[in-house]
Structures are given as C-alpha cells and as structure tokens.
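# Fold and geometry: a report
The lines below spell out each chain.
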Amino acid sequence: EAGVAQSPRYKIIEKRQSVAFWCNPISGHATLYWYQQILGQGPKLLIQFQNNGVVDDSQLPKDRFSAERLKGVDSTLKIQPAKLEDSAVYLCASSRGLAVYNEQFFGPGTRLTVL
Amino acid sequence: RKEVEQDPGPFNVPEGATVAFNCTYSNSASQSFFWYRQDCRKEPKLLMSVYSSGNEDGRFTAQLNRASQYISLLIRDSKLSDSATYLCVVNGGSGGSNYKLTFGKGTLLTVNP
C-alpha cells in the first residue's frame, strides 16, 4: 500500500512570497490533516478534513494560510504571504476515520525555509 | 499548564538500560492517548496507543493515570535502534474539537553502545 505522498520535499522562498504544498493521502482514507512542525517542537495541527469538509481549523492562521480538499482526496495548503516564522516542516497525514480512533499515517513532509 | 507537557530531555542511556518518559495533559475530557516515535528528519509514526488498564508491546509498556492526567512510557533493555524522539499525543485541546490530536514537544532519547 502506498503511503502519504507530499511535494515538494524542500522549498526556499523569500518573505512575502507565496508557496503551495500538495498532499495525496493513502487511498480510502477519509480524514486528512496538515501539521506544522517547527524545529524542536511537536507537530501542531493546522487543519483537519473529513472527506472534503473541515473538522477543525482553529489553529490555522487564516489571514495567510488556506487549505482545500475539493474532491475529498488530494489537498493543497497555501501560504500567502510567507513570514520568517513560517519556516518549518509541513506534514500531511491521513487516517481511515477520525484519528482519535484510527492510526494516523504521516507523509515525509515539506521543509520550508523563508529567508 | 501546557496542553501536553513532556520531560524535556534529552536522555542518554547505555544499551540494555531501562528508561521512562513522563507526560502530563491539561484537558480532563481527553479520551485517547498515544505515543508516537519520530526519527531524526523523518515523519512521526505510531508506537502504541495507551489504554486505561495499561498495555505492553514487547519491551515497551504504557501507563495512563486519568486522576493525575499523567501518561508514561517505559522502555526496557533499550537498543541502539530505540534512539529517536518520543512524542506524547492526546486528543482535544484548547479551542477546536475533541477530534483533534495535540502533540507534546517530544523527548529525545539516545541509546549509546
């Protein structure tokens, strides 16, 4: 079974530029998550989708971050404009159902550096 | 109180040692508890779920104390391959839904030959 796919793996941009990340979850997984992991910290949930609906986006900085999962499969996360403090690894994860009852599988992440 | 707080570490232990990690959580309504493992520059992976009665998986034992809002992970006979960051994970957190998982900062373990 293929794992969670993410691209790009690395991205370097200047502050105030825009960037987008893509995630393809494990086939059949209804729930998809985007996390931000700053160096030395645990992953922080940004947004959680159940199929194509948002379950939780309470920690998503909505003035600059947006995410969508239009057809309930792939998802994109966008940052516009980027700030220095957005430098982090962005992890996508998926699970069969809600992760409180199901194992979450993480992708390899996208390492973002904002200069 | 932080939502999920772990031993700051790092822990450096010799092969064969027993090591214990502690974690406390602030949301008394939390129902699901996990330990994840994250190797350097890799993604987190589920190590084990934590059940009220405590559970064991080989050399790993997890315990939960709901009254004290405390979770522990014990690793016996540690191996070089156990070197990683161990993340305590609890459902719920400030704002948001109870379906969200909140991760601790993690505790780094290095097992030395």
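See the structure above.
Report follows, based on the coordinates.

Conventions adopted
- Residues numbered from 1 in each chain as written.
- Chains lettered and ligands numbered in written order.
- Predicted model: local features only at pLDDT ≥ 70, side-chain atom pairs only at ≥ 80, totals over all residues.
- Heavy atoms only, no water.
- Core = buried A, V, L, I, M, F, W, Y, C linked by side-chain atoms within 4.5 Å.
- Buried < 20%, exposed > 50% of the residue type's maximum accessible area, 1.4 Å probe, protein only.
- Helix = DSSP H or I, 4+ residues; strand = E, 2+ residues; numbered from the N terminus.
- Salt bridge = Lys/Arg side-chain N within 4 Å of Asp/Glu carboxyl O.

## What about the nonpolar core?
Core analysis: the biggest nonpolar cluster contains 23 residues, and F21, W35, I71, L73, I75, Y86 and L109 of chain B have the highest contact counts within it. Only strand 3 (19-25), strand 4 (33-38), strand 5 (44-50), strand 7 (60-65), strand 8 (70-75), strand 9 (84-91) and strand 11 (107-112) of chain B provide two or more residues apiece to this core. I26, F49, F65 and I79 of chain A belong to the second-largest nonpolar core, a separate cluster that totals 21 residues.

## Description of unusual backbone geometry
The omega torsion across S7 of chain A and P8 of chain A is -10°, close enough to zero to call that bond cis. A cis geometry characterises the amide bond from Q80 of chain A onward to P81 of chain A, with omega recorded as -5°. Among the secondary structure elements, P81 of chain A is positioned in the loop between strand 8 (75-79) and strand 9 (88-95). Positive phi outside glycine occurs at Q69 of chain B, with the angle close to 55°. With respect to the helices, strands and loops of the structure, Q69 of chain B is situated in the loop between strand 7 and strand 8.

## Points about the pattern of salt bridges
All names here are of chain B. By the definition in use, this model includes six salt bridges over all chains. The partner of E56 in a salt bridge is R76, with the nearest N and O atoms 3.6 Å apart. In this pair, E56 is assigned in strand 6 (residues 55-57) and R76 in the loop between strand 8 and strand 9, connecting sequence segments 20 residues apart. A relative accessible area of 28% places R76 in the partly exposed class. In this structure, D82 engages R59 in a salt bridge whose closest nitrogen and oxygen atoms are separated by 2.8 Å. Separated by 23 residues along the polypeptide, D82 in the loop between strand 8 and strand 9 and R59 in the loop between strand 6 and strand 7 bring together distant segments of the chain. With relative accessibility at 2%, the residue D82 sits in the buried group.

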